[in-house]
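# Coordinate analysis (summary)
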Amino acid sequence: MSADPSSFASAAKCVSRHLNLSLHVDFESRVIRGKVAITVEVLEERLSSLTLDTRDLKIVSVDANGQAARFTMGPRHSFKGTPLEITLPFDLSRGQHVIVEVTYRTGPTAPALQWLTPQQTAGKKRPYLFSQCQAHHCRSMLPCQDTPAVKHTYYAQVSVPKDLVAAMSALRDGQDADPQDANRVIYRFRQNVAMPSYLIALVVGALESREIGPRSRVWSEAEYVDRAAFEFSETEAMLKTAEELAGPYVWGSYDILVLPPSFPYGGMENPCLTFATPTLLAGDKSLSNVIAHEISHSWTGNLVTNATWEHFWLNEGHTVYLERMICARLEGEPFRQFKAMGGWKDLQDSVSTFGAQNPLTNLVPSLREVDPDDAFSSVPYEKGFALLYHLESLLGGPEVFMGFVKSYIQMFAYRSVTTAQWKDFLFAYFKDKVDVLQQVDWDAWMFTPGMPPVKPAYDTALADACIALCRRWIQATERDLSGFGASDVAELSSHQLVEFLALLLQEVRRGEGSPRRRRPSRAGSLEPSALATRRNPTGRDAPHLTFLAVATARSRSPGYVS
């Protein structure tokens with residue numbers, strides 16, 4: 001049985017090293033006709049069969065080194081799909097390689113593929129396709145070892161209608177007319193950095209691009225491309241800051257794709273091509289911290305990856321930590337503290353939603369017979385960040401602990417890692433402070449449901465300004481109204497303004513006895529709201545789901561930030 005409870009793949013017997021993809025995108029039937037050649041390395045003494053993950057795929061044929069191979073489809077599982085059992089026409093020994101080629105087509109309702117009609121796009125004229133493979137949906141786009149424990153490079157050729165453009169989570173490698181169809185064009189891509197299957201991404205649409213930096217472009221429909229170029233013009237500064245903190249950026253290009261309005265997530269950290277919601281286009285660059293999060297994944301998540309989804313906090317806790325360190329460098333330490341406070345409220349909301357005794361609120365949950373999508377919440381993000389922030393406070397402060405994070409990235413780059421490996425490295429790195437680390441209640445932090453055993457002491461300076469202004473409004477009488485003016489909010493950042501509005505909304509609901517109020521509080525007291533940085537407790541980043549409270553009480557920025 002696979003060590004990954006979310007995969008059938010025989011990763012202990014053999015591992016994929018490279019994929020060569022040929023994809024034909026058919027909008028009329030909403031399927032992809034594909035062929036994938038998987039270079040497989042043998043890990044055991046004798047290999048005669050292997051298993052790949054699939055879901056809703058029609059397998060046409062399987063070859064091994066050009067010879068026909070027998071295959072069978074195992075029993076269908078509710079969320080893991082169907083194992084593809086392949087019997088090789090020969091035996092292989094440890095260290096040998098075989099190229100397994102599978103011809104297939106996807107199902108019209110493949111979970112990884114979102115087919116949009118022209119009416120669902122910004123331009124309203126052309127259809128659109130985008131993929132979302134995290135956590136375990138790549139198997140519905142191609143047969144593969146769909147586990148984050150396995151990393152591989154890939155090359156792809158994608159045939160699409162000639163009035164559309166294709167892009168992938170890889171470097172562009174040219175395009176040519178499709179020799180089989182004069183009405184189509186083939187786009188080529190190469191990804192030279194080994195990565196897990198959930199980071200394979202494809203988009204096809206009426207795309208344009210603009211250069212926003214020496215290694216970055218924004219891509220979107222024409223209706224958004226110039227706004228996106230302005231909104232994300234500071235991407236290079238974020239990349240340089242991330243490199244100062246975490247080490248060299250190894251992926252070559254860092255492009256951003258702004259999807260149509262129907263894209264339901266905040267962002268997804270696909271290598272070379274971050275997917276982003278158009279609701280980030282606020283016009284004032286105030287939501288760019290979402291891009292800081294996705295940039296951070298280039299190191300924590302994409303370069304160093306959780307070995308299974310049970311260790312998802314290794315991806316997201318470290319990414320939130322690095323994101324907030326980037327923001328501290330660019331916006332100041334008080335901003336990091338302000339965002340951390342909002343994150344703590346997010347965590348409280350998730351624990352409340354799941355229930356304080358729900359094992360899915362463990363930092364390291366068991367996912368045996370649990371759909372990884374059902375386990376996603378702000379817990380791995382914010383409980384993970386809270387642990388790292390707690391360790392930071394114990395071990396010498398942000399500069400000292402960031403040194404550990406950078407060394408952790410260097411140690412495990414291009415690999416997949418478990419919590420036990422992370423902890424062993426932590427103790428080895430801080431070998432002169434083992435007595436401090438032994439005081440940490442590791443079981444309570446990692447394997448106990450509910451809120452963490454320690455609440456970090458965050459600096460409340462930026463939140464206090466929001467609370468003070470809100471209290472003035474709540475306590476004001478008719479005679480006091482003339483004392484309010486634009487100067488009251490002139491010094492507030494956009495994030496503080498959102499927090500102030502959220503607090504007002506919270507108090508209005510409390511006063512009306514609304515069942516939607518956040519929670520009872522002491523008379524006359526105000527608590528910082530988490531509405532400024534809300535992540536949907538049941539959504540995906542991936543994300544991260546970010547909701548912004550506005551005066552109309554409507555969500556301004558929906559979308560899970562992976």
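Here we summarise the structure given alongside this text.

When helices and strands are counted, the protein chain shows 14 helices and 22 strands. Structurally, the protein chain occupies a C-alpha span of about 85 × 60 × 45 Å along its principal axes. By residue count, 59% of the 562 residues in the protein chain fall in the buried class. Distance between charge centres in the protein chain, computed from 57 positive and 62 negative side chains, equals 2 Å.

Taking 1.5 Å as the rise per residue, helix H7 (residues 379–395) with 17 residues should run 24 Å; its terminal C-alpha atoms sit 23 Å apart, in good agreement. Most of H7 is tucked away: 15 of the 17 residues are buried.

With 15 residues, helix H8 (residues 398–412) should reach 21 Å at 1.5 Å per residue; the first-to-last C-alpha distance of 21 Å fits that figure. Among all positions of H8, only Phe-401, Met-402, Phe-404, Val-405, Tyr-408, Ile-409 and Phe-412 are buried. Along H8, the residues classed as buried sweep out an arc of 150° about the axis, all on the same side. Exposed side chains of H8 directed beyond 90 degrees from the buried face belong to Glu-399 and Gln-410.

Within the fold, Asp-255 resides in strand S18 (residues 255–258). Remark: the alpha-carbon pair of Asp-255 and Phe-484, spanning 229 residues in sequence, is separated by 44 Å. Residues within four places of Asp-255 in sequence aside, it is in contact with Arg-172, Arg-215, Ser-216, Arg-217, Trp-219, Cys-272, Leu-273 and Thr-274. Engagement of the side chain of Asp-255 in a polar contact is seen with the backbone nitrogen of Arg-217, the distance being 2.9 Å.

Sheets are built from strands paired through backbone hydrogen bonds, the pairs being either parallel or antiparallel. On the basis of which strands lie adjacent, the open sheet formed by five strands has the order S16-S17-S18-S20-S19 and mixed pairing. In the strand order of this sheet, the two ends are held by strand S16 (208–213) and strand S19 (267–268), each with one partner. Where S19 lies against strand S20 (residues 273–276), two bridges are found, and the strand directions are antiparallel. In the sheet register, Gly-267 faces S20, and the bridge partner there is Ala-276. Sheet strands in contact with helix H1 (residues 222–231) are S16, strand S17 (216–220) and S18, and its direction is about 5° off that of S16.

Another point: the packing of helix H4 (residues 312–331) against H8. A packed helix pair is summarised by two numbers, namely the angle formed by the two axes and the spacing between the axes. Close contact between H4 and H8 brings their axes to 12 Å; oriented N to C, the two are set at 130°. It follows that H4 is oblique to H8 by the angle criterion. Crossing geometry of H4 relative to H8 is assigned as left-handed. Mapping the contact onto sequence places Leu-314, His-318, Tyr-321, Leu-322, Met-325 and Arg-329 in H4 and Pro-398, Glu-399, Phe-401, Met-402, Val-405 and Tyr-408 in H8. Considering only residue class, the contact of H4 with H8 consists of nine nonpolar, one polar and two charged.

This part is about the sheet that holds strand S3 (residues 46–54). Ordered in space as S3-S7-S6, the three strands form an open sheet in which the pairing is antiparallel. One side of each edge strand has no neighbouring strand; the edge strands of this open sheet are S3 and strand S6 (70–73). This sheet shows a mean twist of 25° between the axes of neighbouring strands, independent of strand direction.

Attention now moves to the pattern of salt bridges. Enumeration over the complete set of coordinates arrives at 22 salt bridges. Here Arg-33 and Asp-26 are joined by a salt bridge, their closest N and O atoms 3.3 Å apart. Exposure remark for Arg-33: the relative accessible area of 38% places this residue in the partly exposed category. The buried category is assigned to Asp-26, whose relative accessible area is 17%. Between Arg-188 and Asp-176 there is a salt bridge, and its shortest N-O distance comes to 2.2 Å. Highlighted residues: Arg-188 in strand S14 (residues 184–195) and Asp-176 in strand S13 (residues 171–177), separated in sequence by twelve residues. One continuous salt-bridge network, built from bridges that share partners, spans Asp-53, Arg-139 and Asp-146.

We now examine the pairing of strand S7 (residues 82–93). Two faces make up the sheet, and in a regular strand the side chains alternate between them. Looking at chain direction, S3 and S7 are connected through eight bridges and run antiparallel. Bridging across to S7, Leu-47 finds its partner in Leu-92. When S6 meets S7, the two strands line up antiparallel, connected through four bridges. For Met-73, the partnering residue across the bridge sits in S7 and is Leu-84.

According to the stated counting rule, one finds 28 aromatic pairs in the structure shown. On the basis of an interplanar angle of 75° and a centroid distance of 6.4 Å, the ring pair of Phe-404 and Trp-422 is categorised as edge-to-face. Taken as a pair, Phe-404 in helix H8 and Trp-422 in helix H9 (residues 419–429) lie far apart in primary sequence, 18 residues in all. For Trp-422, a relative accessible area of 0% gives the class buried. Positioned above the aromatic ring of Phe-8, the side-chain terminus of Lys-80 is 4.9 Å from the ring centre. In this structure, Lys-285 packs its charged tip against the face of Phe-230, placed 4.7 Å from the ring centre.

Calculation notes
One numbering rule holds for all chains: residues counted from 1, following each sequence as written. This being a predicted model, a pLDDT of at least 70 is required before a residue's local features are given, and a value of 80 or more before pairs of side-chain atoms are given or counted; all residues contribute to the totals for chains, interfaces and linings. Only hydrogens and water are set aside when side-chain values are computed; all heavy atoms of the structure are taken into account. Each helix is a run of DSSP H or I of at least 4 residues and each strand a run of E of at least 2, with the numbering of both proceeding from the N terminus. Using a 1.4 Å probe on the protein chains alone, a residue whose accessible area is under 20% of its type maximum counts as buried, one over 50% counts as exposed, and one in between counts as partly exposed. For this count, His and the chain ends are skipped, Lys and Arg are scored as positive, and Asp and Glu as negative. The atoms used to mark charge sites are NZ of Lys, CZ of Arg, CG of Asp and CD of Glu. Helix span, expected: 1.5 Å multiplied by one less than the number of residues in the helix. Arc definition: directions from the helix axis to the C-beta atoms. Should any heavy atoms of two residues lie within 4.5 Å, those residues are counted as being in contact. Any pair of nitrogen or oxygen atoms within 3.5 Å is treated as a polar contact; in protein, a donor-acceptor pairing is required on top of that, and neighbouring residues in sequence qualify only through side-chain atoms on both sides. Strand pairing is assigned whenever DSSP detects at least two bridges linking the two strands. Lines fitted to C-alpha atoms define the axes here, with helix axes fitted over just the stretch in contact, and angles between the N-to-C directions of these axes take values from 0 to 180 degrees. Here is the rule for angles: anything less than 35 degrees is roughly parallel, anything more than 145 is roughly antiparallel, 65 through 115 is roughly perpendicular, and the remaining ranges are oblique. Here a crossing is taken to be left-handed if its near helix is turned anticlockwise relative to the far helix by less than a right angle, and right-handed if that turn runs clockwise. Gly falls in the polar group here, along with every residue not listed as nonpolar (Ala, Val, Leu, Ile, Met, Phe, Trp, Tyr, Cys, Pro) or charged (Asp, Glu, Lys, Arg). Any carboxyl oxygen of Asp or Glu within 4 Å of a side-chain nitrogen of Lys or Arg constitutes a salt bridge here. Classification of ring pairs uses Phe, Tyr and Trp, with its six-membered ring standing for Trp, and accepts pairs whose centres are within 6.5 Å; under 30 degrees between planes counts as stacked, over 60 as edge-to-face, and the remaining range as tilted. As a reminder, the over-ring test applies to NZ of lysine and CZ of arginine, requiring each to be within 6 Å of the ring centre and within 35 degrees of the ring normal.

Geometric descriptors of this kind do not, in isolation, establish any biological role.
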